[in-house]
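Report on the structure
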Amino acid sequence: MSGWRFERPPNLPLPQPTEEAQPFFDALKERRLVVQCCSNCGALQHPPRAMCGSCQAMTFHWEEMSGKGCVYSYVVTHQAVHPALAGHTPLATVEVELAEGPHITSNLVDVLPEAVKIGMAVEVVFERVVAGVVLALFRHSGAADSAISN
Ligand SMILES: [Zn+2]
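Quantities reported herein were computed from a predicted structural model and do not represent experimental measurements. (Residues numbered from 1 in each chain as written. Predicted model: local features only at pLDDT ≥ 70, side-chain atom pairs only at ≥ 80, totals over all residues.)

Brief notes about the overall build of the protein
Scanning the protein from terminus to terminus reveals one helix and eight strands. Scanning the protein from its N terminus toward the C terminus, one meets helices and strands in the order α-β-β-β-β-β-β-β-β. The C-alpha radius of gyration computed for the protein amounts to 16 Å, which stays within 12% of the reference 15 Å derived for 150 residues, consistent with globular compactness. C-alpha atoms of the protein, sized along the principal axes, occupy 45 × 35 × 25 Å. (Helix = DSSP H or I, 4+ residues; strand = E, 2+ residues; numbered from the N terminus. Rg over C-alpha atoms; globule rule 2.2 N^0.38 Å.)

What follows is the structure in structure tokens.
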């Protein structure tokens, strides 16, 4: 990959966690990727919400994910649709399907936007963007890419 590495546009707004999502971001600070798990039916859901999308229960616990997954979908932004993106395009945003099932929106740290492929095997990397804020980004892993193709 010739040393290329994703750099998050420094002026891009930071996540503003909801009350439900705060434990997810707190776990990231500990380098753990967790997903909300319904205490009633066991469904995993992300992003965190007040109510289970499967059974409407409102009690949850948190399950730690392996951090492994594959690229389910992606979009490459060419226009600076936000002032913070000026000079930072093209920028690939990926939807990762975690091995455990939930999907998470992120960026790939080591894959050029034009080289992103659906099915690419990825694994989480924890990136501290500013003091007190760690995000879950992903890198191309050594695992075999999924058979799904573009
Ligand atoms: Zn449920």
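Back to the text.
Observations concerning the domain arrangement of the protein
Domains assigned within the protein are domain 1 (19-64) and domain 2 (66-150). For domain 1 versus domain 2, the separation of C-alpha centres amounts to 21 Å. Every contact between the two is made by eight residues of domain 1 and, on the other side, 11 residues of domain 2. At the level of secondary structure, the elements contributing two or more residues to the side of domain 1 that touches domain 2 comprise helix H1 (22-29) and strand E2 (44-45). Tallied by class, the residues present in the side of domain 1 that touches domain 2 amount to four nonpolar, two polar and two charged. (Domains from an automatic or database assignment. Contact = placed C-beta atoms within 7 Å. Nonpolar A, V, L, I, M, F, W, Y, C, P; charged D, E, K, R; others polar.)

Re the pairing of strand E6 (residues 103-106)
Of the two faces of E6, only one is covered, namely that formed by Ile-104 and Ser-106; the face formed by His-103 and Thr-105 stays uncovered. Linkage of strand E5 (residues 91-98) to E6, two consecutive antiparallel strands, is achieved through a turn of four residues, within which Gly-101 is found at a positive phi near 120°. (Buried ≥ 20, exposed ≤ 12 C-beta atoms within 10 Å, placed from the backbone. Pairing = 2+ DSSP bridges.)

Focus: the sheet that holds strand E8 (residues 133-140)
The antiparallel open sheet is built from five strands, whose spatial order is E6-E5-E4-E7-E8. Each having just a single partner strand, E6 and E8 make up the two edges of the open sheet. The sheet shows a mean angle of 35° between the axes of neighbouring strands, direction not considered. Relative to E8, strand E7 (residues 121-130) runs antiparallel, the two sharing eight bridges. (Axes fitted to C-alpha atoms, helices over the stretch in contact; angles between N-to-C directions.)

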